[in-house]
Amino acid sequence: MDQDIVYKIALSMIPDITADVVRSLEANGIGLEDFFTLNMPELESRLGLGRGGRFQNSSREEALFRARSELEFVRRHSIRVLFLLDDDYPPLLREIPDAPVTLYVLGRADLSAQPVFNVVGTRKCTAYGTSFCNTLITDLSAYYPGALVISGLAYGIDAAAHMAALQNGLATVAVMAHGLDMVYPASHRDLARRIIETGGALVSEYPSGTRPFRNNFLQRNRIVAGLSELTFVVESEVKGGAMSTANQAFSYNREVVALPGRYSDITSGGCNRLIANSKAHIFTSVPDLMNLMGWRLPTLTMNKPPQKVLFPELEGDLARVYAVLRRAAGPLAIDEIHVRTGMAMPSLMAALTDLEFEGIVMKLPGARYECS
């Protein structure tokens, strides 16, 4: 069993091994053990390659060495290894031509859940985008309590989507652009922990030790799109990661929906362009979205949307911070909250995170906060 996992991990570590190559191995009756044990001339012959083709003995040996070390890491941290040809590999992701050969999953989330959709957008989101994120996921959770929300754990809309899912009892999955031995950005470690603890997962195609290089984020976006039957772009500039995800989803013939905004709003420029270029449907209402996706209502009774807590029962640091924000005439910068509460900054940050998680306060651009 362990050797089989080593082969699966090692195969994904060899340069030029793609989903197409893995499918070709299967079509030619070449098993994982065969790939690593056949002499190179025979392997190349069975794959229809000329001598001195794509693969080298040294690459196979190095990959096996690294894979044995990676196996220790995934065993130690209870990380699931999903291989492209295995039954437990996410079926929607398997459909895309450039699917990752191996997927690492930390957490219990069912990646085959339905409905499954991603919510993406700019890191520099506005209150319009954040508020819409909360409303959209709250409304959908009332109809589909088993839905799975995918995003990328980045600042802005990604974090807002994960938080809204947590607040509404939905499982959520963060697709990472690095190995699962770290969390980037580091300030989202607590959010990542809550995702795992509440039945979600952190997912990556990268082995431990892989750092978050720029190109990794673009590669990550295809997984976000591939795992989902719907890509929802909340706010995005004309260029950015969310546009990359939307274009990937469009190329996979998956549905894309965008929230329109004013023509003068930079953060809505990408959404408006997607709609204008017929790459995305315009969002009009949740019922229209459900009709577009063909999502049928569950036969069991629906959950009611949670009611907003007007006067939450808070104690200690949480009560002190909430009282300051409630009395304020508008959003307050974190430095101003620090002055008014007299709290130590680490305690203040922890209290704000808890209040945001509970949906009691909302974080705005520029590290400003206000009551929800």
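So, here is what we can say about the structure in this document. What you see is a predicted model, and the numbers here were worked out from it, not measured in a lab.

About the criteria used
Residues numbered from 1 in each chain as written. Predicted model: local features only at pLDDT ≥ 70, side-chain atom pairs only at ≥ 80, totals over all residues. Heavy atoms only, no water. Pairing = 2+ DSSP bridges. Helix = DSSP H or I, 4+ residues; strand = E, 2+ residues; numbered from the N terminus. Contact = heavy atoms within 4.5 Å. Axes fitted to C-alpha atoms, helices over the stretch in contact; angles between N-to-C directions. Buried < 20%, exposed > 50% of the residue type's maximum accessible area, 1.4 Å probe, protein only. Salt bridge = Lys/Arg side-chain N within 4 Å of Asp/Glu carboxyl O. Core = buried A, V, L, I, M, F, W, Y, C linked by side-chain atoms within 4.5 Å.

A sheet is described by the order of its strands in space; here three strands give the open sequence β10-β12-β11, paired in antiparallel fashion. Bordering the open sheet on either side are β10 (332-333) and β11 (361-364), each of which pairs with just one other strand. Where β10 and strand β12 (residues 368-371) come together, two bridges link them in antiparallel fashion. Following the sheet pairing, Leu 332 is matched in β12 by Tyr 369. Contacts from helix α14 (residues 316-327) reach β10, β11 and β12 within the one sheet, and its direction differs from that of β12 by about 85°.

This part takes up the environment of Asp 288. Looking at the element boundaries, Asp 288 is found in helix α13 (residues 286-293). Owing to a relative accessible area of 44%, Asp 288 belongs among the partly exposed residues under this scheme. Spatially, the C-alpha atom of Asp 288 lies 42 Å from that of Glu 26, the residues being 262 residues apart in sequence.

Moving on, we come to the sheet that holds strand β6 (residues 201-204). In sheet architecture, strand pairing relies on hydrogen bonds along the backbone and comes in two forms, parallel and antiparallel. Read across the sheet, nine strands follow the order β1-β2-β6-β5-β4-β3-β7-β8-β9 without closing on themselves; strand pairing throughout is mixed. Each edge of the sheet is formed by a strand with only one pairing partner; in this case those strands are β1 (80-83) and β9 (281-282). Against the sheet, α13 contacts β7 (230-233), β8 (255-258) and β9, and its axis sits at roughly 165° relative to β8.

The next thing to look at is the pattern of salt bridges. Scanning the model with the defined rule gives 14 salt bridges in all. Between Arg 193 and Glu 197 there is a salt bridge, with its nearest N and O atoms 2.9 Å apart. Taken together, the positions of Arg 193 and Glu 197, both in helix α9 (residues 189-197) and four residues apart, correspond to about one turn of that helix. In this structure Arg 193 comes out as partly exposed when scored by relative accessible area, which is 37%. Taken together, the shared-partner salt bridges connect Asp 190, Arg 193, Arg 194, Glu 197 and Asp 354 into one network.

We now examine the nonpolar core. By size, the foremost hydrophobic cluster in this structure holds 81 residues, and its most contacted members are Leu 11, Ile 17, Phe 35, Leu 111, Val 173 and Val 233. With seven residues, the top contributor of residues to this core is helix α1 (residues 2-13). In this structure, Val 234, Val 257, Leu 289 and Trp 295 belong to the second largest nonpolar core, which totals 28 residues.

The omega torsion of the bond from Gln 114 to Pro 115 falls at -10°, within 30 degrees of zero and hence cis. Considering the arrangement of structural elements, one finds Pro 115 in the loop between β2 (102-107) and β3 (116-120). A positive phi angle is found at Ser 78, which is not glycine, with a value near 55°. The residue Ser 78 is located in the loop between α5 (57-76) and β1 in this model. On the accessibility criterion, Ser 78 (59% relative accessible area) is exposed.

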